[in-house]
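Analysis of the macromolecular model
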Amino acid sequence: MKKKLINWGKALVLPVGVYLLFTILTGGAFGTPKGMLAIVRTSIVPILLGMSLSFGMSMGMWNFAAGAIVYSTAIFAADIAQALGWSIPGILLLSIIIATASTAFMGWIYNVVRVPCMVLSLGFAMIFESLPNFLTNDFTGKISIAQSYLAGMPWCVLIAGGMFVIFYIINNRTTLGADIQAIGANIAIANNAGVNIDRVKFLSFLLSGVFLGVTSVMFLSINVSVVAVTGFTSVSMIFDSMMGIFVAAVLAKYVNYSTAVVLGIFTIRMLGTAMVAFGMSSQVRGVMTGVFLLVVLVYSANAGLIDNIRSQKKIAAEANAAYQQTGNAN
């Protein structure tokens, strides 16, 4: 228990440090209860996106089409639901079906053509961004203000919490989660151990689609109206989630990976909001976020080096002491 508490303390150093630093720098303008609640709400979509992306990124697969799928799914689901007279539960069902079908098709193509996921997903990003322009009349998916209740409290937290429970169970309590981790650790060893690589990767696409479907509903609920985008504009939607996953790789040394993903993405979102409160321009925010991520990754890469140096010094000191005792005895 003591070790777990210490590890949790280490994992919380980043988010708590960002909070305290900018609360002091802004003279209390940042970090108010109301402001933190707003950060929680704006973090829901990036966290859901991060959980979706993490299945593939754990195996070295980057899905740059995730943002495009969210946009197109939100638009199509809203249009179909409006034509059928369905409410939010119907939109949620349609979103999961559309997003899962999209990622299933991507997964099938990925296993057939054998090209890197990054290249494949960039091509699909262009396709999914373009589809609403061809298949809808006004390129827009809309819901009424009354139907946007999922964006408010407590619904947004309940939905994110429910998806996190599913995410945690998949990663920590299923064979699929273990296979994903095995492939990410060493794909050759996983293959020799009998893991069906193609099957696991295809299932990771399916899981990603379920989470993207829920993300689409939350994105639609927050914005009420979603307009089709082009020119890889949707890719910018996933950057916070990806950076949060990089931070999660560091935090996962202290807490389980599922929790680390949520903490990492929330930290990145809090950092972005804090820099806005501090009055930084978008260019400066981009630079500072990159520096923050670089520092975290450099620390992660060299944390073991510091321990090794200390261990070597301790061994050297013990060896010197033993040598001196032998010399004195002689």
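Here, every reference points to the structure presented above.
First, a word on scope: everything that follows refers to the structure included in this document. (Residues numbered from 1 in each chain as written. Predicted model: local features only at pLDDT ≥ 70, side-chain atom pairs only at ≥ 80, totals over all residues. Heavy atoms only, no water.)

**Focus: the side chain of Ser221**
Mapped onto the fold, Ser221 is located in helix H10 (residues 197-223). Within the local environment of Ser221, its side chain forms a polar contact with the backbone oxygen of Val217, the two atoms lying 2.8 Å apart. Ser221 has contacts with Ile143, Ser148, Leu150 and Ala151, leaving out every residue within four places of it along the chain. (Helix = DSSP H or I, 4+ residues; strand = E, 2+ residues; numbered from the N terminus. Polar contact = N/O pair within 3.5 Å; in protein donor to acceptor, adjacent residues only side chain to side chain. Contact = heavy atoms within 4.5 Å.)

**What about the nonpolar core?**
Counting 95 residues, the largest nonpolar core has Phe22, Leu49, Ile91 and Ile238 as its most contacted members. Dropping the residues within four chain positions of it, Leu49 is found in contact with Ala66, Val70, Leu212, Thr215, Met237, Ile238 and Ser241. (Core = buried A, V, L, I, M, F, W, Y, C linked by side-chain atoms within 4.5 Å. Buried < 20%, exposed > 50% of the residue type's maximum accessible area, 1.4 Å probe, protein only.)

**Observations regarding the packing of aromatic side chains**
Overall, the coordinates contain 13 aromatic pairs when judged by the stated rule. For the ring pair Phe55 and Phe167, a centre distance of 5.5 Å and an interplane angle of 75° mean the geometry is edge-to-face. Residue Phe55 is found in helix H3 (residues 33-57), and its partner Phe167 is found in helix H7 (residues 155-173); the two are separated by 112 residues along the sequence. For the ring pair Trp62 and Phe64, a centre distance of 6.1 Å and an interplane angle of 40° mean the geometry is tilted. Residue class for Trp62 comes out partly exposed when judged on its relative accessible area of 28%. Joined through ring pairs, the aromatic side chains of Phe105, Trp108, Phe124 and Phe128 make up one cluster. (Phe/Tyr/Trp six-rings, centres within 6.5 Å; stacked < 30°, edge-to-face > 60°.)

**Considerations on empty space enclosed by the protein**
A water-sized probe, rolled over the atoms, reveals where empty space remains. In this structure the tally under the stated criterion is one cavity of 30 Å³ or more. Considering only enclosed or pocket space, the largest cavity measures out at about 80 Å³ in volume. Residue lining of the largest cavity: Ser52, Leu53, Phe55, Gly56, Met61, Asn63, Cys117, Ser204, Phe205 and Ser208, and that is the complete set. Listing elements by their share of the lining of the largest cavity, those giving two or more residues are H3 and H10. No other element matches H3, which puts four residues into the lining of the largest cavity. Class assignment of the residues belonging to the lining of the largest cavity gives a composition of five nonpolar, five polar and no charged. (1 Å grid on protein atoms, 1.4 Å probe; cavity = no way out; pocket = protein on both sides within 12 Å on 5 of 7 lines; lining within 4 Å. Points joined across faces, edges and corners; volume = space filled by probe spheres on them. Nonpolar A, V, L, I, M, F, W, Y, C, P; charged D, E, K, R; others polar.)

**Topic: the pattern of salt bridges**
Applying the stated criterion to the full structure yields two salt bridges. Between Arg114 and Asp198 there is a salt bridge, with its nearest N and O atoms 2.7 Å apart. Taken together, the residues span a long stretch of sequence, with Arg114 in the loop between helix H5 (88-113) and helix H6 (117-135) and Asp198 in helix H10 at a distance of 84 residues. A salt bridge links Asp240 to Arg269, with the shortest nitrogen-to-oxygen separation between them at 2.8 Å. With Asp240 in helix H11 (residues 239-251) and Arg269 in helix H12 (residues 257-277), this residue pair connects regions lying 29 residues apart in the sequence. (Salt bridge = Lys/Arg side-chain N within 4 Å of Asp/Glu carboxyl O.)

**Topic: the environment of Leu293**
Among the structural elements, Leu293 can be located in helix H13 (residues 282-329). Each C-alpha atom of the pair Leu293 and Ile268 lies 8.9 Å from the other, and the pair is 25 residues apart in sequence. Ignoring anything within four residues of it in the chain, the contact list for Leu293 reads Met243, Phe246 and Val247.

**What to know about unusual backbone geometry**
The omega torsion across Met153 and Pro154 is 0°, close enough to zero to call that bond cis. For Arg114, which is not a glycine, the phi torsion comes out positive at approximately 60°. Residues other than glycine seldom take positive phi values, yet Val224 does so here, at roughly 65°. If you trace the backbone, Val224 turns up in the loop between H10 and strand E2 (225-227).

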